[in-house]
Amino acid sequence: MQRALVAGLLVGLSAPAVGTFIVQRRLALLGDGIGHIALTGVALGFLTGTAPTLTAVVVAVLGAVAIELVRERGRTSGDVALALLFYGGIAGGVLLIGLSKEGSNATLMSYLFGSVSTVTQDDVLVIGALSAGVLGVVLVFGRELFLLCQDPEVAKASGLPVRFLSLLLAVTAALTVVIAMRVVGLLLVSALMVVPVAASQQLTRGFRTTLLLAMVFGVVATVGGLGYTYYVNVAPGAGIVLLALLGFALALGVGTFIRRNRTGESRR
């Protein structure tokens, strides 16, 4: 449980940090698409007898780069490209896990919905390294990524390497999915990248404040959800996402109340 809490803390910080840029760029379902294709990487790890986390990193990064290049060149729309990842990723994962001698339905479920008891010391080390990389990207390239998400044309006119930044954001999202899969699960990781950001947007307007508050929501949801599911013995992803949705509902109510009061005062 201690290892799971450490992993949850890192996930709670990383997922909303990247999710803030993804939501700003209107790619909220990107995490879902990458999560599905990462399942193929997990199954490939079991099939080849290598570490599933490492193969998931490779496959998720390649999938994220592919979807960004396809979307950028305009050969198909973003939602169609994401749909290709959805279907191909989940089908490939199920097929390969069926061919693997080490894999099983229970193993597949632990990666799809998360599992507290299966978080190992090696998982914590990998999650820690990947989280440091993700947060480092946000810290170093935050301003450039913000301008890219606001208006790619303005970013290009300003001399920023738009293609590099787009690929960097896609790769960072892929790493975030792999970070969170042991805690939240591949099918629910996108919720942790989007819901805390949506909750934060109800209470603040500034981008930096939104990002920081989203990280707070993410940490509360992951740590609180892990603690709850530990005692009731259910998949942690469900508890984490439901707690995040509860936070969104509360933020929506508080935000609506504040805006109404401001409107009333301005009319006076």
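Bear in mind that the values here come from a model prediction, so they are computed numbers and not experimental data.

**Describing the overall build of the chain**
Thought 1: The secondary structure content of the chain amounts to 11 helices and zero strands.
Thought 2: Reading the secondary structure of the chain in the N-to-C direction produces α-α-α-α-α-α-α-α-α-α-α.
Thought 3: Expressed as lengths along the three principal axes of its C-alpha atoms, the size of the chain is roughly 70 × 50 × 30 Å.
Thought 4: Residue burial in the chain is summarised as follows: out of 268 residues, 49% are buried.
Thought 5: Considering only residue pairs separated by 6 or more positions, the chain has 75% of its internal contacts joining residues 24 or more positions apart.
Thought 6: Computed over 18 positive and 11 negative side-chain charges, the inter-centroid distance for the chain is 8 Å.

**Regarding the confidence of the model for the chain**
Thought 1: Here the chain shows a mean pLDDT of 84. Residues at 70 or above account for 92%.
Thought 2: Looking at the elements of the chain, mean pLDDT is at its lowest for helix α5 (residues 105–113), recorded as 76, and at its highest for helix α9 (residues 189–201), recorded as 91.

**With respect to the UniProt feature "transmembrane region" (unreviewed entry) in the chain**
Thought 1: The UniProt feature table records "transmembrane region" (unreviewed entry) at residues 43–67, 79–99, 124–142, 211–231 and 237–258.
Thought 2: In residues 124–142, the share of helix is 100% and the share of strand is 0%. The end C-alpha atoms are 26 Å apart.

**Examining the nonpolar core**
Thought 1: The biggest cluster of nonpolar side chains holds 69 residues, and the ones touching the most others in it are Val18, Phe21, Ile34, Val184 and Met193.
Thought 2: Of all the elements, helix α8 (residues 162–180) adds the most residues to this core, at 12 residues.

**Brief notes about the packing of aromatic side chains**
Thought 1: A complete count under the given rule lists four aromatic pairs for this structure.
Thought 2: Arranged with centres 6.0 Å apart and planes meeting at 80°, the rings of Phe46 and Tyr111 form a pair that is edge-to-face. Placement of Phe46 in helix α2 (residues 30–48) and of Tyr111 in helix α5 is noted, with a sequence separation of 65 residues between them.
Thought 3: Here Phe141 and Phe164 contribute two aromatic rings whose centre-to-centre distance is 6.0 Å and whose plane-to-plane angle is 65°, an arrangement assigned as edge-to-face. Of this pair, Phe141 sits in helix α6 (residues 121–150) while Phe164 sits in helix α8, and the two are 23 residues apart along the sequence.

**A word on the side chain of Ser100**
Thought 1: Positionally, Ser100 belongs in the loop between α4 (78–99) and α5.
Thought 2: You can call Ser100 buried: its relative accessible area is 7%.
Thought 3: A polar atom in the side chain of Ser100 sits 3.2 Å from the backbone oxygen of Phe46.

**With respect to a nonpolar patch on the surface**
Thought 1: Nonpolar side chains collect at one region of the surface, where Met1, Leu5, Leu9, Val223, Tyr228, Tyr230, Tyr231, Val232 and Val234 lie side by side and expose about 850 Å² of accessible area between them.
Thought 2: Of all the secondary structure elements, the ones that give two or more residues to the nonpolar patch are α1 (2–24) and α10 (207–232).
Thought 3: Residue contributions to the nonpolar patch peak at five residues, all from α10.
Thought 4: Summarising the element assignment, Tyr231 is placed in helix α10.

**Points about the pattern of salt bridges**
Thought 1: Enumeration over the complete set of coordinates arrives at one salt bridge.
Thought 2: A salt bridge links Arg25 to Glu68, with the nearest nitrogen and oxygen atoms 4.0 Å apart. Of this pair, Arg25 sits in the loop between α1 and α2 while Glu68 is found in helix α3 (residues 52–73), placing the two residues 43 residues apart along the sequence.
Thought 3: Assessed through its relative accessible area of 7%, Glu68 is described here as buried.

**Some details on α9**
Thought 1: Look at α9: 19 Å from first C-alpha to last across 13 residues, which is about the 18 Å you get at 1.5 Å a residue.
Thought 2: For α9, the buried fraction is high: 10 of the 13 residues fall into the buried class.
Thought 3: Those residues of α9 that sit buried are Val189, Ser190, Ala191, Leu192, Met193, Val195, Pro196, Val197, Ala199 and Ser200.

**Some thoughts on unusual backbone geometry**
Thought 1: Phi is positive for Arg26, which is not a glycine, with a value near 60°.
Thought 2: Relative to the helices and strands, Arg26 resides in the loop between α1 and α2.

**Regarding the packing of α6 against α8**
Thought 1: The geometry of α6 relative to α8 is characterised by a closest axis approach of 9 Å and an angle of 145° between their N-to-C directions. The way α6 lies across α8 gives a crossing that is left-handed. Taken together, the residues of α8 that come into contact with α6 (itself represented by Ile127, Leu130, Ser131, Val134, Val137, Phe141, Glu144, Leu145, Leu148 and Cys149) are Val162, Phe164, Leu165, Ser166, Leu168, Leu169, Thr172, Leu175, Thr176, Val178 and Ile179.
Thought 2: By residue class, the composition of the contact of α6 with α8 is 16 nonpolar, four polar and one charged.

Conventions and cut-offs
For every chain, the first residue of its written sequence is number 1, and the numbers climb from 1 along that sequence. It should be noted that, the model being predicted, local features are given only for residues of pLDDT at least 70 and side-chain atom pairs only at 80 or more, the latter also being counted only at that level, while totals for whole chains, interfaces and linings use all residues. Hydrogen atoms and water are omitted, and side-chain values are computed over all heavy atoms in the structure. Every helix listed is a DSSP run of H or I at least four residues long, and every strand listed is a run of E at least two residues long, numbered separately from the N terminus. To sort residues, take the accessible area from a 1.4 Å probe on protein chains only and compare it with the maximum for the residue type: under 20% means buried, over 50% means exposed, and anything in between is partly exposed. The contact definition used throughout considers only heavy atoms, calling two residues in contact when any of these lie within 4.5 Å. Note on charges: Lys and Arg go in the positive column, Asp and Glu in the negative column, and His and the chain ends are not counted at all. Charged side chains are reduced to one point each, which is NZ for Lys, CZ for Arg, CG for Asp and CD for Glu. By definition, pLDDT measures how confident the predictor is in each residue, and it falls between 0 and 100. UniProt positions are given in the numbering used here, feature names are shortened, and annotations may be inferred rather than shown by experiment. In this description, a nonpolar core means a group of buried Ala, Val, Leu, Ile, Met, Phe, Trp, Tyr and Cys residues linked to one another through side-chain atoms lying within 4.5 Å. A pair of Phe, Tyr and Trp rings is counted when the ring centres sit within 6.5 Å of each other, with Trp represented by its six-membered ring. The angle between the planes then sorts it: under 30 degrees is stacked, over 60 is edge-to-face, the rest tilted. Whenever a nitrogen or oxygen atom comes within 3.5 Å of another N or O atom, the pair is scored as a polar contact, on the condition that within protein one atom can donate a hydrogen and the other can accept it, and that pairs from neighbouring residues in sequence are kept only if both atoms are in side chains. Patch membership needs two things, relative accessible area over 30% and no salt bridge, and members are linked within 9 Å if like-charged or within 5 Å if nonpolar (Val, Leu, Ile, Met, Phe, Trp, Tyr). Methods summary: accessible areas were calculated by the Shrake-Rupley approach with a probe of 1.4 Å, and residue burial reflects only the protein chains presented. Only one rule defines a salt bridge in this text: a Lys or Arg side-chain nitrogen within 4 Å of an Asp or Glu carboxyl oxygen. The span one expects for a helix is its residue count, reduced by one, times 1.5 Å. Interaxial angles span 0 to 180 degrees and are taken between N-to-C directions of axes, which are lines fitted to C-alpha atoms, for helices over the stretch in contact. What makes a crossing left-handed is the near helix being turned counterclockwise from the far one by less than a right angle; a clockwise turn instead makes it right-handed. Only Asp, Glu, Lys and Arg are considered charged, only Ala, Val, Leu, Ile, Met, Phe, Trp, Tyr, Cys and Pro nonpolar, and every remaining residue, Gly among them, polar.

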